[in-house]
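Residue-level structure breakdown
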Amino acid sequence: MTDFTLDPRLSADTIALGDLALSSVLLLDDKRFPWLVLVPRLPGLSELTDLSPEDSARLMEETRLAVGVMQALAKPDKVNVGALGNVVAQLHVHVVGRFRSDPAWPGPVWGYGTREPYPAHAAAQLVERARALFAAA
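Residues numbered from 1 in each chain as written. Predicted model: local features only at pLDDT ≥ 70, side-chain atom pairs only at ≥ 80, totals over all residues. Heavy atoms only, no water.

Details of the pattern of salt bridges
On inspection of all chains with the given rule, the structure shows 9 salt bridges. Among the salt bridges present, the one from Glu61 reaches Arg64, with a minimum N-O distance of 3.6 Å. Here Glu61 and its partner Arg64 are both found in helix α2 (residues 53-74), 3 residues apart, which amounts to about one turn of the helix. Like Glu61, the residue Arg64 is exposed in the burial classification. Connected through salt bridges with shared partners, the residues Arg9, Asp13, Asp29 and Arg115 form a single ionic network. (Salt bridge = Lys/Arg side-chain N within 4 Å of Asp/Glu carboxyl O. Helix = DSSP H or I, 4+ residues; strand = E, 2+ residues; numbered from the N terminus. Buried < 20%, exposed > 50% of the residue type's maximum accessible area, 1.4 Å probe, protein only.)

If you want it as C-alpha cells, here you go:
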C-alpha cells in the first residue's frame, strides 16, 4: 500500500496500535471515551464508497473485529461506529465505547468538550491491552 499518509490531525490526536490487513488501528488520545479509529491505508479515500467491493468487505470485517476488541477492552454499555469525515476528510471509522455515565451520554461524542489526553502510564497500559486483544482476535 503505497503513497498513504495519515492525516496530520489524526496523527496528532491518536496513538498508533498497529496495522490490520487494510487499516491502521489508532487509539484516540482522550481519556473521557474509549475510542478506536480504523484508517484504510489507501491514498485519496474520503467516502466508504471510494473502496472497492473487496476492500469494503475487508473494512467491515476489521470494524467487526474492532467492536469486539472495544467490548473486551472497556466493557461499554454501547459501541458507536461511524465514518463522518466532516473535520478530517481522510476515510476513517470511529469505534467508540459509550457508557450511560459518560459526560456526553446520550448525545454524540463528536464536538463534546475538549479532548483530555491519557496520562502516559495509563496510555501505555491501554495500548498494551488493546494490542493483545487484537493479536488474540
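Things to note about the UniProt feature "domain: HIT" (unreviewed entry) in the protein chain
What UniProt calls "domain: HIT" (unreviewed entry) maps, in this numbering, to residues 36-105. End C-alpha atoms of residues 36-105 are separated by 18 Å, and the span's content is 31% helix alongside 23% strand. (UniProt positions renumbered as here; feature names shortened; annotations may be inferred.)

Re the packing of aromatic side chains
The final tally for this structure, using the stated rule, is 2 aromatic pairs. Centre to centre, the rings of Phe33 and Trp35 are 6.3 Å apart; their planes meet at 70 degrees, and the pair counts as edge-to-face. Under the relative-accessibility criterion, Phe33 is labelled buried at 0%. Where Trp35 meets Trp110, the ring centres are 5.8 Å apart and the plane angle is 80 degrees; that geometry is what we call edge-to-face. Of this pair, Trp35 sits in strand β3 (residues 35-40) while Trp110 sits in the loop between β5 (93-98) and α3 (120-136); the two residues are 75 residues apart in sequence, bridging distant segments of the chain. Residue Trp35 is classed as buried on the basis of its relative accessible area, which comes to 6%. By relative accessible area, which is 32% here, Trp110 ends up partly exposed. Among the aromatic residues, those joined into a ring-pair cluster are Phe33, Trp35 and Trp110. (Phe/Tyr/Trp six-rings, centres within 6.5 Å; stacked < 30°, edge-to-face > 60°.)

Let's talk about the packing of α2 against α3
Direction vectors running N to C along α2 and α3 enclose 130 degrees, while the axes themselves pass 10 Å from each other. With respect to each other, α2 and α3 are oriented oblique. For the crossing formed where α2 meets α3, the hand is right-handed. Where α2 approaches α3, its residues Leu65, Ala66, Val69, Ala72 and Leu73 are matched on the opposing element by Leu126, Arg129, Ala130, Leu133 and Phe134. Here the residues of the contact of α2 with α3 are counted per class, giving 9 nonpolar, no polar and 1 charged. (Axes fitted to C-alpha atoms, helices over the stretch in contact; angles between N-to-C directions. Parallel < 35°, antiparallel > 145°, perpendicular 65-115°, else oblique. Left-handed = near helix turned anticlockwise from the far one by under 90°. Contact = heavy atoms within 4.5 Å. Nonpolar A, V, L, I, M, F, W, Y, C, P; charged D, E, K, R; others polar.)

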